Amino acid sequence: MLSLTYPFAKSFLEMAMGWVRVRDHDPQTRTQFGNASMMNVMNAERFGIAQLHQLRGRVGRGVRKSQCILVASSTSSLSRLKVLEKSSDGFYLANMDLLLRGPGDLLGKKQSGHLPEFPVARLEIHGNILQEAHMAALDGTQLQFKSVTVGKYLCAENGGGTIVVANRTSASGWETFKLWRINETNFHFRVFNKQFIGLDTNGNGIDIVAESNTPRSSETFEIVRNSNDLSRVRIKAPNGFFLQAKTEELVTADYEGATSWGDDDPSVFEMTIAGRMQGEFQVTNGYGPQKAPQVMRKHWSTYIVEDDFKFIAGNGLNAVRIPVGWWMASDPTPPAPYVGGSLRALDNAFTWAGYAFFPVPSDITISVTTSQDLTIMGGPVHNTPKKYGLKIIIDLHAAPGSQNGFEHSSSRDGSQEWGLTDDNIQQTVAVIDFLTARYARSPSLYAVELINEPLSPGASLKSANKYYKAGYDAVRKHSSTAYVVMSNRLGPMDPRELFPLASGLRGSVIDVHYYNLFSDIFNSMTVQQNIDFVYTNRSAQLNQITTSNGPLTFVGEWVAEWQVSGASKEDLQRFAKAQLEVYGRATFGWAYWTLKNVNNHWSLEWMIKNGYIKL
């Protein structure tokens, strides 16, 4: 409501004109009152920050001192509304709005929140990398190019293995090119069948084909953008000429000279970004070898610290599941583009969890004469007073080649290539061997999870079983007590498919992940339907894999987040409580994803501190 400061001698009609109803979709409707000096916005949580910023600009246009009062109907929105107290700078408010609500689904309909894969790089936090990378041209970015003269999309004919044409009226898989970033402007383009586009070096040298399985100099291209319209680009080939669509069936690299970027230039294409990836590969390769070490090491030293372990222990939790990448086994000099330092971060976690961890350089000879020393990597680890008494589950979250094609498994371009060869499986087993050997004698090591979320059918049951048996043996080579966790595959599979293997292995655990997300069945569920689903469906699913003489069961990931809009705090409390009750029946336990997150409901720390979850 908007009240005007007319003197009481004015007519009632004039006073009545001072009260208006502002619809939440039209914040400027009938609010042009030059002498208005006070505004009360009821149910302010229903408005966006930008809308509220516009509304308060409707008062204070006269000579009187003015006020805008925001009245909220719930306390959960106060942190967002208080942003408006701090600043009247529209740019600052826009950035804070993005930080608080998230960018939403860039390719879909959601206008807030984040994409579900919990990327390392976030638009609202790491926006600078997107700027530095020229409009988010990072590895795995999916691009589509439409010729302005032909009016059709570039396409790798048959998905790859032959020529590139410009004859598709709409774009899908064959018309989508995945970037492999070399630097800010130079890239390889990978097609649907995983070949790279390049010059036909066996022909006339100017035809564009998608035949090579390995990118070389002839498969290296530069994207040149129109500074006045970033969606318009030219693609410079390694021969120095630009690609042009001469006809729908003939795309060549022989156009030279400048351009006016007009619709009559066959070397100009309209570029659409059809998808992005923002995992650790994208972050490290995006920042490059000079800056990535600074960025990652700052992240490792500040994001999770000892106080977080104190918080975990102080709230009744007894273990942490720590995701790691396969390149950690090569620390401190992992293969490019990864950055050394992650192993030290894991060492710190073991120190904070239980006992100090001090590996002694292997070139120092030490005589171990007391049982109070723990020998790891050729040197003793001296016990110090116990800190927080937490156990650690090491989780191989990213395997070489990517076990699911997701950014959190550090896929470069969305491809899933783990488990396709014996060499790849043995490389992964070597990582497990390294990690177990390093931490086997630490009292804090509780379990080793051999791999996270392999995706079927790309990761076959045969490959998974072969790896799980070899990985189990690698753990047992160094520890007879650590549990060995085997993740159920995502995608089409039998929830008990690992039982024939795991039931015969002592200390084995089956890991399942339960989210009321990532499936259309949850899109229209109400609060109560979500809760009922946990008590009924999730309970039945957990019971199916829980047996008296089989492997233990572990709900290794869950979260108190859903697709319900406008849910109250009490609603979320009930949803979280239902999951705690059901998942608490898992014989090995549960783990919340995750301790900290920019999305409040994904952050266990925030949920506990704000009273949404009580343990």
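This one's a predicted model, so the numbers in the text were calculated from it and none came from an experiment.

**Quick look at the overall build of the protein**
Helices and strands together make up the secondary structure of the protein, namely 15 helices and 24 strands. Residues classed as buried in the protein amount to 50% of the 615 residues present. Taking as baseline every contact in the protein between residues at least 6 positions apart, the subset at least 24 positions apart corresponds to 66%. Counting only carbon and sulfur atoms, one obtains 51% of the accessible surface of the protein, whose full area is about 28,800 Å².

**Structural notes on the confidence of the model for the protein**
Counting all residues, the mean pLDDT for the protein is 84, and 80% of those residues have values of 70 or more. This stretch, residues 1–32, has a pLDDT under 50; its non-local contacts, to residues over four places away or in other chains, come to 45 contacts. Taken as a whole, residues 129–135 scores under 50 in pLDDT and shows 20 contacts with residues more than four places along the chain or in a different chain.

**Section: the environment of Gly-262**
Looking at the secondary structure, you find Gly-262 in the loop between β14 (250–255) and β15 (269–275). Taking relative accessible area as the criterion, Gly-262 reaches 19% and is therefore assigned buried. Other than its neighbours up to four places away in sequence, Gly-262 contacts Val-148, Arg-232 and Val-268.

**Overview of the packing of helix α10 (residues 422–439) against helix α11 (residues 461–478)**
At a closest axis distance of 9 Å, the pairing of α10 and α11 adopts a crossing angle of 25 degrees. Put simply, α10 runs roughly parallel to α11. Here the hand of the crossing between α10 and α11 comes out right-handed. Mapping the contact onto sequence places Asp-422, Ile-425, Thr-428, Val-429, Ile-432, Asp-433, Thr-436 and Ala-437 in α10 and Ser-463, Lys-466, Tyr-467, Ala-470, Gly-471, Ala-474, Val-475, Lys-477 and His-478 in α11. In terms of residue class, the contact of α10 with α11 is built from 8 nonpolar, 5 polar and 4 charged.

**Observations regarding the sheet that holds strand β20 (residues 445–449)**
Ordered in space as β16-β19-β20-β21-β22-β23-β24, the 7 strands form an open sheet in which the pairing is parallel. Each end of this open sheet is capped by a strand with a single partner; those strands are β16 (319–325) and β24 (589–592). Neighbouring strand axes in the sheet, compared pairwise and without regard to direction, differ in orientation by 25 degrees on average. Of the pairings in the sheet, the one linking β16 to strand β19 (residues 391–398) comprises 7 bridges and is parallel in character.

**Section: the pattern of salt bridges**
Applying the stated criterion across every chain yields a total of 23 salt bridges. Residue Lys-246 is joined to Asp-254 by a salt bridge in which the shortest nitrogen-to-oxygen separation is 2.7 Å. Asp-254 sits in the partly exposed class, given a relative accessible area of 25%. Residue Arg-489 is joined to Glu-497 by a salt bridge in which the shortest nitrogen-to-oxygen separation is 2.7 Å. Of the two residues, Arg-489 and Glu-497, neither departs from the other in class, the shared state being buried. Taken together, the salt bridges that share partners define one network made up of Arg-321, Asp-395, Glu-449, Asp-511 and Glu-557.

**Digging into the nonpolar core**
Nonpolar side chains tend toward joint burial in soluble globular proteins. Residues Leu-435, Leu-450, Tyr-467, Tyr-468, Met-486 and Ile-613 are the most contacted members of the largest nonpolar core, which totals 84 residues. Those residues in contact with Ile-613 that sit more than four places away from it in its chain are Trp-558, Ala-576, Leu-580, Tyr-592, Leu-604, Met-607 and Ile-608. Counting 28 residues, the second largest nonpolar core, distinct from the first, contains Ala-166, Leu-179, Leu-199 and Ile-223.

**Re helix α7 (residues 280–302)**
The end-to-end C-alpha distance of α7 is 17 Å, clearly below the 33 Å that 23 residues give at a rise of 1.5 Å each. Along its length, α7 reaches its greatest deviation from straightness, about 125 degrees, at Gly-288, and the proline Pro-289 lies no more than four positions downstream.

**Structural notes on the packing of aromatic side chains**
Counting across every chain of the model gives 25 aromatic pairs. Both rings, one in Phe-554 and one in Phe-588, keep their centres 5.2 Å apart while their planes meet at 80 degrees; by these two values the pair is edge-to-face. Note that Phe-554 is positioned in strand β23 (residues 552–558) and Phe-588 in the loop between α14 (569–583) and β24, a separation of 34 residues in sequence. The exposure class assigned to Phe-554 is buried, which follows from its relative accessible area of 2%. Aromatic side chains Trp-562 and Phe-575 sit 4.5 Å apart centroid to centroid with 20 degrees between the ring planes, which places their arrangement in the stacked category. Residue Trp-562 is located in the loop between β23 and α14, and its partner Phe-575 is located in helix α14; the two are separated by 13 residues in the primary sequence. Here a set of aromatic residues connected by ring pairs shows up, and it is made of Tyr-514, Trp-558, Tyr-583, Trp-590 and Tyr-592.

**A short note on the pairing of β15**
For strand β4 (residues 142–147) and β15, the ladder comprises 6 bridges, and the chain directions are antiparallel. Bridge pairing in β15 links Gln-142 to Gly-275. With 2 bridges connecting them, strand β12 (residues 229–236) and β15 associate as antiparallel partners. The residue of β15 that forms the bridge with Val-233 is Phe-269.

**Some words on unusual backbone geometry**
Note that the residue after Ala-336, namely Pro-337, is joined by a cis bond; omega there is 5 degrees. As for its placement among the helices and strands, Pro-337 is situated in the loop between β16 and α9 (342–353). Backbone torsion omega between Trp-593 and Thr-594 reads 15 degrees, so that peptide bond is classified as cis. Residue position: Thr-594 is located in the loop between β24 and α15 (604–609). Look at Asn-43: it is not a glycine, yet its phi comes out positive at around 50 degrees. Secondary-structure assignment places Asn-43 in the loop between β2 (38–42) and α2 (49–56). The partly exposed category is assigned to Asn-43, whose relative accessible area is 32%. A positive phi angle is found at Lys-194, which is not glycine, with a value near 80 degrees.

**Digging into the pairing of strand β22 (residues 508–513)**
Across the 6 residues of β22, 6 count as buried, placing the element largely inside the fold. Note that strand β21 (residues 483–487) and β22 share 4 bridges and pair parallel. By the bridge assignment, Ser-487 is partnered in β22 with Asp-511. Relative to β23, β22 is paired through 5 bridges, and the arrangement is parallel. If you follow Val-509 over to β23, its bridge partner there is Leu-552.

Calculation criteria
Residues numbered from 1 in each chain as written. Predicted model: local features only at pLDDT ≥ 70, side-chain atom pairs only at ≥ 80, totals over all residues. Heavy atoms only, no water. Helix = DSSP H or I, 4+ residues; strand = E, 2+ residues; numbered from the N terminus. Buried < 20%, exposed > 50% of the residue type's maximum accessible area, 1.4 Å probe, protein only. Contact = heavy atoms within 4.5 Å. Areas by Shrake-Rupley, 256 points an atom, 1.4 Å probe, with all protein chains shown as cover. pLDDT = per-residue confidence, 0-100. Axes fitted to C-alpha atoms, helices over the stretch in contact; angles between N-to-C directions. Parallel < 35°, antiparallel > 145°, perpendicular 65-115°, else oblique. Left-handed = near helix turned anticlockwise from the far one by under 90°. Nonpolar A, V, L, I, M, F, W, Y, C, P; charged D, E, K, R; others polar. Pairing = 2+ DSSP bridges. Salt bridge = Lys/Arg side-chain N within 4 Å of Asp/Glu carboxyl O. Core = buried A, V, L, I, M, F, W, Y, C linked by side-chain atoms within 4.5 Å. Expected span 1.5 Å × (residues − 1). Bend = angle between axes of the 7 residues up to and from the residue. Phe/Tyr/Trp six-rings, centres within 6.5 Å; stacked < 30°, edge-to-face > 60°.

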